[in-house]
2 protein chains.
Amino acid sequence: MKKTISILNDPGFEKKDQILDVAEALFSKHGFDGVSIRSLAKQANINIAMVSYYFGSKENLYIAVIERKMVTIRQYLTEAFPNGGNAWDKLYYIIDRYVDRMVDNRSFMNIVFTEVASENREHIVDFLSKRLADNQEAFGGLIVEGIKSGHFREVDPQLAIMSIIGPLKLYVSNPFMVKKMMNENTIEGCYSSVHRDRMKAHLKDLMTRFLKP
Amino acid sequence: MKKTISILNDPGFEKKDQILDVAEALFSKHGFDGVSIRSLAKQANINIAMVSYYFGSKENLYIAVIERKMVTIRQYLTEAFPNGGNAWDKLYYIIDRYVDRMVDNRSFMNIVFTEVASENREHIVDFLSKRLADNQEAFGGLIVEGIKSGHFREVDPQLAIMSIIGPLKLYVSNPFMVKKMMNENTIEGCYSSVHRDRMKAHLKDLMTRFLKP
DNA sequence: CAAATTTAAACAAACGTTTAATTAATGTGC
DNA sequence: GCACATTAATTAAACGTTTGTTTAAATTTG
């Protein structure tokens, strides 16, 4: 027995997480079908049988990758929203948080968007699209409120949401393109605090000009 | 021999194009590795050996899908640009055209973005990213010009480009999401002239507010 | 010792591709 | 226009690999 019997750790926690980390990165880059158990095992320095041992199957591993991050995403959603401030303050706040979350979880977000677009595994698609909808409603509700309170002009909330998520998704899911646009040599450089802040400032500026009456 | 020997048609033109049509749709939705020759042959109503017969290999078929559409894309780029009009007119014109092109070639654009993001096949990535860069420079040059002429305020051209392409890419590559947002039941409904025009109007509105001094 | 982990080997199924035989279409000489 | 040779198109079957998964033995751990 290698496992540490602890209330804090699941059995096999470290190795499972090590596999999940590699799996997330690979699934994000090459898609479900583009990742073989053997290549994954090689990169994670494990025997190919360990995937079945820990997760049962490749599809279960894929689901496990998603569910692990879903816990994090759910925490985001239940986080306390700042009470004070008007619609503008709330919008700026949520943009800041959203950029950080998307950048920090960009591998995962890639998997989510790809999975939802492919419509291959119905139950996963349903599950993920609900979570995406929750996220978008956070923006949507904010914009509707802002319009009601008179802080924002009357815009189509859904197009407003797309104007935030669109550029941000482009930023986190196309490092090759972004590298060129940002004049950076490494992928990490693209997501340094400099460019993050640049994106935050831009999205806030863009939405300010778009929403102000 | 079935082929019609004609200057207008390549030998086997119709069947090749029939295979390419199905291949483009499937590669777009499931990715290169997600498409098997057998499933493709079934959907295209051909024998599995026909892919090798016409294209040599699966990867060559993939390249053929890309190259076929590249001819169309190149035509777009060499099209005459309207001479009259100021920076605003040109911007509105190019947005209208770009939305139509992206929507009409959405399967292909999906393949392009996925391929560039995966960085799997270096020579294809290089080739495609150059074409993408050309497209983006069309926007970029326009914005820089507009700033110089005083029609636009001084913005970061690259972030401006991302603000156009981002929402548009979201629109054409996530029909599942868009179906919900647009309250449409079918994918075709999402790309009807109604929603196309809606997207055009929105992007023009968005950029107007973003760029006006 | 006993239970959990790790391993190498083997499994059937699916993969891309090739083969050899068959069918369909065209060109040629008359 | 017809028979025949030729070339192209199409097929079913088989090829060798790679796939995800399982097995049974070996190793590590408590």
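A quick note: this is a predicted structure, and the numbers were derived from the prediction, not measured. (Residues numbered from 1 in each chain as written. Chains lettered and ligands numbered in written order. Predicted model: local features only at pLDDT ≥ 70, side-chain atom pairs only at ≥ 80, totals over all residues. Heavy atoms only, no water.)

**Regarding the nonpolar core**
Then comes step 1: Ranked by internal contacts, the top residues of the largest apolar core, which has 140 residues, are A:Leu61, A:Tyr171, B:Leu61 and B:Tyr171.
Then comes step 2: Ignoring sequence-local partners within four residues, the contact set of A:Leu61 consists of A:Ile19, A:Leu20, A:Ala23, A:Phe27, A:Leu40, A:Val51 and A:Phe55. (Core = buried A, V, L, I, M, F, W, Y, C linked by side-chain atoms within 4.5 Å. Buried < 20%, exposed > 50% of the residue type's maximum accessible area, 1.4 Å probe, protein only. Contact = heavy atoms within 4.5 Å.)

**A short note on the pattern of salt bridges**
If charged atoms from side chains of opposite charge come close, those side chains can pair.
Then comes step 1: Counted by the stated rule, this structure contains 28 salt bridges over all chains.
Then comes step 2: For A:Asp100, the salt bridge goes to A:Arg196, with nearest N and O atoms at 3.1 Å. Note that A:Asp100 is positioned in helix α5 (residues 87–104) and A:Arg196 in helix α11 (residues 193–211), a separation of 96 residues in sequence.
Then comes step 3: The class of A:Asp100 is partly exposed, set by a relative accessible area of 21%.
Then comes step 4: Between B:Lys69 and B:Glu24 there is a salt bridge whose closest N-O contact spans 2.9 Å. Of this pair, B:Lys69 sits in helix α4 (residues 58–78) while B:Glu24 is found in helix α1 (residues 13–30), placing the two residues 45 residues apart along the sequence.
Then comes step 5: Under the relative-accessibility criterion, B:Glu24 is labelled buried at 7%.
Then comes step 6: Sharing partners across several salt bridges, the network here consists of A:Asp17, A:Asp21, A:Glu24, A:Arg68 and A:Lys69. (Salt bridge = Lys/Arg side-chain N within 4 Å of Asp/Glu carboxyl O. Helix = DSSP H or I, 4+ residues; strand = E, 2+ residues; numbered from the N terminus.)

**Here's the deal with the confidence of the model for chain A**
Then comes step 1: Of the residues in chain A, 94% have a pLDDT of 70 or more, and the chain-wide mean is 89.
Then comes step 2: Scored below 50 in pLDDT, residues 1–12 of chain A makes 7 contacts in the model with residues more than four places away or belonging to other chains. (pLDDT = per-residue confidence, 0-100.)

**Quick word on the relation of the copies chain A and chain B**
Then comes step 1: Expressed as a screw operation, the relation of chain A to chain B combines 0.0 Å of axial shift with a rotation of 180°, fitting to an RMSD of 0.0 Å. When the rotation and shift are considered jointly, the pair of chain copies conforms to a two-fold rotation axis. Among all residues of chain A, the one whose C-alpha sits closest to the rotation axis is A:Gly166, at a distance of 2.0 Å. (Least-squares fit on C-alpha atoms with pLDDT ≥ 70 in both.)

**Quick word on empty space enclosed by the protein**
Leftover empty space is mapped by rolling, across the atoms, a probe with the size of a water molecule.
Then comes step 1: If you walk through the whole model with that rule in mind, you get 4 cavities of 30 Å³ or more.
Then comes step 2: There is about 140 Å³ of room inside the largest cavity.
Then comes step 3: Lining of the largest cavity is provided by 15 residues; of these, B:Ile73, B:Tyr98, B:Phe108, B:Met109 and B:Asn135 occupy positions nearest its centre.
Then comes step 4: A class-by-class count of the residues in the lining of the largest cavity yields 11 nonpolar, 2 polar and 2 charged.
Then comes step 5: Of the volumes computed, that of the second largest cavity is approximately 100 Å³.
Then comes step 6: Around the second largest cavity sit A:Ile73, A:Tyr76, A:Leu77, A:Tyr98, A:Arg101, A:Met102, A:Asn105, A:Met109 and A:Asn135, which together line it.
Then comes step 7: Of all the elements in the fold, those that place two or more residues in the lining of the second largest cavity are α4 (58–78) and α5 of chain A.
Then comes step 8: Class assignment of the residues belonging to the lining of the second largest cavity gives a composition of 6 nonpolar, 2 polar and 1 charged. (1 Å grid on protein atoms, 1.4 Å probe; cavity = no way out; pocket = protein on both sides within 12 Å on 5 of 7 lines; lining within 4 Å. Points joined across faces, edges and corners; volume = space filled by probe spheres on them. Nonpolar A, V, L, I, M, F, W, Y, C, P; charged D, E, K, R; others polar.)

**Details of the side chain of A:Ser28**
Then comes step 1: Relative to the helices and strands, A:Ser28 resides in helix α1 (residues 13–30).
Then comes step 2: Apart from residues no more than four positions distant in its own chain, A:Ser28 is found in contact with A:Ser107, A:Asn110 and A:Ile111.

**Description of the interface of chain A and chain B**
Then comes step 1: With 41 residues of chain A at the interface, the matching set in chain B holds 41 residues.
Then comes step 2: Buried area between chain A and chain B, summed over both chains or domains, comes out near 4,200 Å², and the portion from carbon and sulfur atoms is 63%.
Then comes step 3: In terms of surface lost to chain B, no three residues of chain A exceed A:Met162, A:Phe176 and A:Met181, which account for 17% of the buried area on that side.
Then comes step 4: Residue A:Arg153 is joined to B:Asp205 by a salt bridge in which the shortest nitrogen-to-oxygen separation is 2.9 Å.
Then comes step 5: Between the two partners, chain A and chain B, sit 12 residue pairs in polar contact (both at pLDDT 80 or more).
Then comes step 6: Residue assignment for the side of chain A that touches chain B shows that the elements contributing at least two residues are α1, α6 (106–118), α7 (122–148), α8 (157–173), α9 (175–182) and α11 of chain A. (Buried area = accessible area lost by both parts, 1.4 Å probe. Polar contact = N/O pair within 3.5 Å; in protein donor to acceptor, adjacent residues only side chain to side chain.)

**Let's talk about the packing of aromatic side chains**
All names here are of chain A.
Then comes step 1: This structure, assessed with the given rule, holds 18 aromatic pairs over all chains.
Then comes step 2: Ring geometry for phenylalanine 27 against phenylalanine 32: centres 5.7 Å apart, planes inclined by 20°, an arrangement best described as stacked. Side by side, phenylalanine 27 and phenylalanine 32 carry an identical accessibility label, which is buried.
Then comes step 3: Among the aromatic residues, those joined into a ring-pair cluster are Phe27, Phe32 and Tyr62. (Phe/Tyr/Trp six-rings, centres within 6.5 Å; stacked < 30°, edge-to-face > 60°.)

**Observations concerning the packing of helix α7 (residues 122–148) of chain B against helix α8 (residues 157–173) of chain B**
Residues and elements named next belong to chain B.
Then comes step 1: Following both chains from N to C, one finds α7 and α8 inclined at 125°, their axes separated by 9 Å at the closest point. In terms of orientation, α7 lies oblique with respect to α8. Crossing handedness for the pair α7 and α8: right-handed. The residues of α8 that touch α7, namely those facing Gln136, Phe139, Gly140, Ile143 and Val144, are Pro157, Ala160, Ile161, Ile164 and Ile165.
Then comes step 2: In terms of residue class, the contact of α7 with α8 is made up of 8 nonpolar, 2 polar and no charged. (Axes fitted to C-alpha atoms, helices over the stretch in contact; angles between N-to-C directions. Parallel < 35°, antiparallel > 145°, perpendicular 65-115°, else oblique. Left-handed = near helix turned anticlockwise from the far one by under 90°.)

**A word on α7(B)**
Counting along an α-helix, one turn takes 3.6 residues, and residues three or four places apart therefore face a common direction.
Then comes step 1: Taking 1.5 Å of rise per residue, the 27 residues of α7(B) would be expected to cover 39 Å, and the 37 Å separating its terminal C-alpha atoms lies within 8% of that figure.
Then comes step 2: After α7(B) finishes, the residue B:Gly150 shows a positive phi value of roughly 85°. (Expected span 1.5 Å × (residues − 1).)

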